[in-house]
Amino acid sequence: MSDNKGSYRHEKNERAISTHHLEGRHGTLAARGGAIATASHLTFTLIQIAQLALFSRLLTPADFGIVAMAMTLTGFIRLFADMGLPNATVQRDDLDQNMVSGLFYINAGVGLGLMLFCCALAPLAAMIFDEPRVLAVIIALSVILPLNALRNQHQALLRRQLRFLPLTVIQVSTALLGLGIGAGVALLTDWGYWAIVWSLVGAAVWELVLFWLLCHWRPGKVHSWTPIRPAISFGLHVVFSNLFGWIWKQSDNGLIGWRWGAVELGLYARAYSLLLLPLMIIGGPLASAFIPALSRLQGKAAEWDHLFHRIARATFIFAGLMGVILYANAEYLTVLALGEGFVRSGDIFKVLALSIFPAAAWEISRFVFLSLGRGDVMLKYTMAAGPLHLIAFLIGLPHGAIGVAWGLTIVSWVLLVPILYVAAHAGGRSVKPFISSALPAILAYGVTSTVGLFVIGAMTDLLPPFAGLILSGLGLTATYFGTLGACAFVHEGLRSDIRLAWRVTLRLLPFGKSDHA
């Protein structure tokens with residue numbers, strides 16, 4: 001009986017790890033996964049907005065402040081929580097039960113260790129903030145670290161197999177449960193900030209349960225640690241790259257706050273939060289779909305190149321369109337989203353919107369680094385790019401938040417070609433196809449930004465703001481895609497993308513043709 005049970009468990013684990021059933025369908029599954037993941041992300045964002053609106057009415061600013069103080073410590077420590085090991089699980093071609101089990105135990109040990117570290121630092125944090133209530137909040141939130149560690153490998157295995165529907169179920173249901181727990185505690189008790197804490201802890205518990213239910217892999221005995229070492233090395237490169245990236249991305253806030261104070265920093269931070277919306281779609285749901293698909297093709301150069309450049313063209317096209325529309329409507333969108341008190345954030349956001357397109361080049365390069373196992377190159381690039389960003393921020397700092405925004409935008413454009421060159425070199429590819437993938441979107445971006453903005457901007461200035469937003473969006477989109485259509489006459493890759501988009505559209509229509517049409 002025990003032999004049969006062991007054989008059954010072995011088969012379940014093998015099925016949870018294997019990706020043989022994905023052969024020949026990586027492009028289709030990546031596109032479908034990207035659509036599902038984006039829809040999930042948008043749903044999650046709406047739930048978060050609803051939670052923010054509800055909690056803002058049930059709790060006091062002091063309640064949010066106490067949790068924010070605690071999360072200053074726990075949020076930073078979470079940068080190290082997964083050690084980059086889930087990325088290794090997604091990326092590795094030679095994955096087996098021994099390796100996943102080893103990575104699982106490392107994650108679990110690190111999660112437990114970081115929880116104890118958080119608890120040890122909690123009294124110091126409470127003393128620094130001069131707020132004794134922060135002590136208990138940090139200890140409670142630290143429990144999330146080992147909870148997440150126990151589900152990291154299960155999440156990575158679902159991503160590895162491109163199983164985006166279960167991932168969506170988990171993300172959305174967890175957000176809803178967290179909203180329900182927080183609202184319930186806030187409405188039925190006078191516990192104040194504990195409503196936020198219990199919503200976060202309860203969501204983490206629920207997420208852990210669902211990952212173990214929907215992914216049937218279970219850890220086993222580690223027979224050898226030697227094959228696991230390359231995966232650990234890759235994970236450490238990723239986590240330290242993320243750390244350095246986090247540091248230089250926070251340096252603009254630190255400099256503005258130091259030089260100009262809280263008001264100027266608040267205006268900049270709100271504008272930057274709007275900038276993150278399109279970038280989070282690229283770096284979040286789209287990356288979660290594209291990186292696993294590319295990772296499965298790392299040993300098939302021609303197929304990897306074909307899928308990557310199709311993904312790169314689509315990503316650049318999306319970033320360019322978002323950049324030009326947000327730039328054209330920055331002031332109105334800022335007031336609409338943030339309120340009349342943040343009018344000056346509109347000017348800052350208008351400058352930041354110009355950085356969306358080159359920022360996409362970094363995200364696309366991450367697809368290369370993470371799918372081909374070149375975390376070492378990603379770390380070196382992050383360490384080199386950080387000082388350049390800091391210099392740009394310092395040059396712009398005397399001019400206030402908008403000067404720092406110009407510094408970010410300019411350095412992003414300066415690094416556009418170098419990051420594509422580094423990514424191509426890291427993958428052992430020629431840089432020419434990488435540049436070629438960006439050119440149609442760059443041309444459409446340039447034409448729409450000059451001709452489209454002047455002509456359409458003059459028309460929309462005569463209309464009410466919302467009507468102007470709609471007309472501007474439609475006009476700029478038509479100009480943008482009209483330019484791309486012209487580019488397709490001389491760009492074979494873009495023509496292929498248009499043919500694929502047309503076939504997919506036909507299949508989605510009720511009277512659409514069959515797959516062989």
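Draft legend 1. Structural detail: the overall build of the protein chain. A count of helical and extended segments in the protein chain gives 22 helices and zero strands. The C-alpha atoms of the protein chain give a radius of gyration of 24 Å, which matches the 24 Å a tight globule of 517 residues would have. Dimensions of the protein chain along its principal axes, counting C-alpha atoms only, are 75 × 60 × 50 Å. Taking all 517 residues of the protein chain together, 49% fall into the buried category. Put simply, 82% of the contacts in the protein chain that link residues at least 6 apart link residues at least 24 apart. As displayed, the protein chain offers around 24000 Å² of accessible surface, 70% of which is attributable to carbon and sulfur atoms.

Draft legend 2. Up close: a nonpolar patch on the surface. Together, Phe76, Phe240, Phe244, Trp246, Ile247 and Met383 make up an exposed nonpolar region whose accessible area comes to about 520 Å². For the nonpolar patch, the element with the highest residue contribution is helix α11 (residues 229-260), accounting for four residues. Within the fold, Met383 resides in helix α17 (residues 375-396).

Draft legend 3. Summary view of helix α19 (residues 416-426). Within α19 the residues assigned to the buried category are Leu416, Ile419, Leu420, Ala423, Ala424 and Ala426. Down the axis of α19, the buried set is contained in an arc of 165°. They therefore lie on one face. Immediately beyond the C-terminal end of α19, within one or two residues, lies Gly428, with a positive phi of roughly 70°.

Draft legend 4. Inspection of the environment of Arg57 at higher detail. Mapped onto the secondary structure, Arg57 falls in helix α2 (residues 26-58). For the pair Arg57 and Ala186, spaced 129 residues apart in sequence, the C-alpha separation works out to 9.9 Å.

Draft legend 5. Highlighting the packing of aromatic side chains. In the structure shown here, the tally under the stated rule is 18 aromatic pairs. Measuring from ring centre to ring centre gives 5.0 Å for Phe308 and Phe434, while their planes differ by 40°; the resulting arrangement is tilted. Placement of the pair is Phe308 in helix α13 (residues 301-328) and Phe434 in helix α20 (residues 431-460), with a sequence separation of 126 residues. Counting every residue linked through ring pairs, the aromatic cluster contains Phe104, Tyr105, Trp212 and Trp217. It is Arg259 that lies over the ring of Trp260; its NZ or CZ is 4.4 Å from the centre.

Draft legend 6. Inspection of the nonpolar core at higher detail. Among the nonpolar cores identified, the biggest contains 109 residues, and Tyr268, Phe308, Phe316, Leu352 and Phe367 are the most heavily contacted of them. Among the elements that make up this core, the one with the highest residue count is helix α12 (residues 262-295) (16 residues). Setting aside its immediate chain neighbours within four residues, Phe316 contacts Phe357, Ala360, Ala361, Ile364, Leu420, Ser437, Ala438, Ala441 and Tyr480. The next biggest cluster of nonpolar side chains, apart from the first, holds 30 residues, and it includes Leu141, Leu145, Val201 and Ala204.

Draft legend 7. Structural context of the side chain of Arg159. With respect to the secondary-structure elements, Arg159 resides in helix α8 (residues 152-160). Although Arg159 is buried, it forms no salt bridge, and the closest oppositely charged side chain is Asp82 at an N-O distance of 7.9 Å. If we ignore the near neighbours within four places in the chain, the residues touching Arg159 are Val90, Leu167, Ala287, Ser288 and Pro292.

Draft legend 8. Spatial organisation of the pattern of salt bridges. The tally for this structure, following the rule as stated, stands at 13 salt bridges. One salt bridge in this structure joins Arg151 and Glu207, with 3.1 Å as the shortest N-O distance. Highlighted residues: Arg151 in the loop between α7 (144-149) and α8 and Glu207 in helix α10 (residues 194-214), separated in sequence by 56 residues. The same class applies to Arg151 and to Glu207, which are both buried.

Draft legend 9. Layout of helix α16 (residues 356-371). Here α16 contains 16 residues, and its C-alpha end-to-end distance of 23 Å stays within 8% of the 22 Å for a straight helix at 1.5 Å per residue. The element α16 is extensively covered by neighbouring structure, given that 16 of its 16 residues are classed as buried. Positive backbone phi, at 70°, marks Gly373, one or two positions downstream of α16.

Draft legend 10. Molecular detail of unusual backbone geometry. A positive phi is found at Met83, a non-glycine position, where the angle reads about 60°. With respect to the helices, strands and loops of the structure, Met83 is situated in the loop between α3 (61-77) and α4 (85-91).

Draft legend 11. Here's a closer look at the packing of helix α5 (residues 97-129) against helix α6 (residues 133-142). One can describe the packing of α5 onto α6 by two numbers: an axis separation of 8 Å at closest approach and a directional angle of 165°. In terms of orientation, α5 and α6 fall into the roughly antiparallel class. Crossing handedness for the pair α5 and α6: right-handed. Each of Met115, Cys118, Cys119, Ala122, Pro123, Ala125 and Ala126 in α5 lies in contact with α6, whose residues at this interface are Val134, Leu135, Ile138, Ile139 and Ser142. Looking at the contact of α5 with α6 residue by residue, the class counts come to eleven nonpolar, one polar and no charged.

Draft legend 12. Molecular detail of the state of the cysteines. In total, this model carries zero disulfides according to the counting rule given. Unpaired in this structure, Cys119 has its nearest cysteine sulfur neighbour in Cys118, at a distance of 6.8 Å.

Draft legend 13. Structural detail: the confidence of the model for the protein chain. Overall, the predicted model of the protein chain reaches an average pLDDT of 87, with 95% of residues at or above 70. Within the protein chain, helix α1 (residues 2-17) has the poorest average pLDDT of any element, 77, and α19 the best, 96.

Draft legend 14. Representation of the environment of Ala314 within the structure. Following the sequence through the fold, Ala314 ends up in helix α13. Residue classification places Ala314 among the partly exposed positions, given a relative accessible area of 44%. Sequence separation between Ala314 and Ser437 is 123 residues, and the spatial gap between their C-alpha atoms is 8.8 Å.

Draft legend 15. Expanded view of the packing of α2 against α12. One can describe the packing of α2 onto α12 by two numbers: an axis separation of 8 Å at closest approach and a directional angle of 150°. Considered as vectors, α2 and α12 are oriented roughly antiparallel to each other. The two elements α2 and α12 meet at a crossing, and its hand is right-handed. Across from His26, Ala30, Gly33, Gly34, Ala37, Thr38 and His41 in α2, the residues of α12 making contact are Met280, Ile281, Pro285, Leu286, Ser288, Ala289, Phe290 and Ala293. Residue composition of the contact of α2 with α12, by class: nine nonpolar, six polar and no charged.

Draft legend 16. Main features of the environment of His491. Structurally, His491 can be placed in the loop between α21 (465-487) and α22 (492-508). As a C-alpha pair, His491 and Val422 span 69 residues in sequence and 24 Å in three-dimensional space. In this structure, His491 is in contact with Arg313, Ser436 and Pro440, ignoring residues within four places of it in sequence. Polar side-chain contacts of His491 include one of 3.0 Å to the backbone oxygen of Ser436.

Parameters and conventions
- Residues numbered from 1 in each chain as written.
- Predicted model: local features only at pLDDT ≥ 70, side-chain atom pairs only at ≥ 80, totals over all residues.
- Heavy atoms only, no water.
- Helix = DSSP H or I, 4+ residues; strand = E, 2+ residues; numbered from the N terminus.
- Rg over C-alpha atoms; globule rule 2.2 N^0.38 Å.
- Buried < 20%, exposed > 50% of the residue type's maximum accessible area, 1.4 Å probe, protein only.
- Contact = heavy atoms within 4.5 Å.
- Areas by Shrake-Rupley, 256 points an atom, 1.4 Å probe, with all protein chains shown as cover.
- Patch = residues over 30% accessible without salt bridge, like charges linked within 9 Å, V, L, I, M, F, W, Y side chains within 5 Å.
- Salt bridge = Lys/Arg side-chain N within 4 Å of Asp/Glu carboxyl O.
- Arc of directions from axis to C-beta.
- Phe/Tyr/Trp six-rings, centres within 6.5 Å; stacked < 30°, edge-to-face > 60°.
- Lys NZ or Arg CZ within 6 Å of the ring centre and 35° of its normal.
- Core = buried A, V, L, I, M, F, W, Y, C linked by side-chain atoms within 4.5 Å.
- Lys, Arg positive; Asp, Glu negative; His and termini not counted.
- Expected span 1.5 Å × (residues − 1).
- Axes fitted to C-alpha atoms, helices over the stretch in contact; angles between N-to-C directions.
- Parallel < 35°, antiparallel > 145°, perpendicular 65-115°, else oblique.
- Left-handed = near helix turned anticlockwise from the far one by under 90°.
- Nonpolar A, V, L, I, M, F, W, Y, C, P; charged D, E, K, R; others polar.
- Disulfide = S-S within 2.5 Å.
- pLDDT = per-residue confidence, 0-100.
- Polar contact = N/O pair within 3.5 Å; in protein donor to acceptor, adjacent residues only side chain to side chain.

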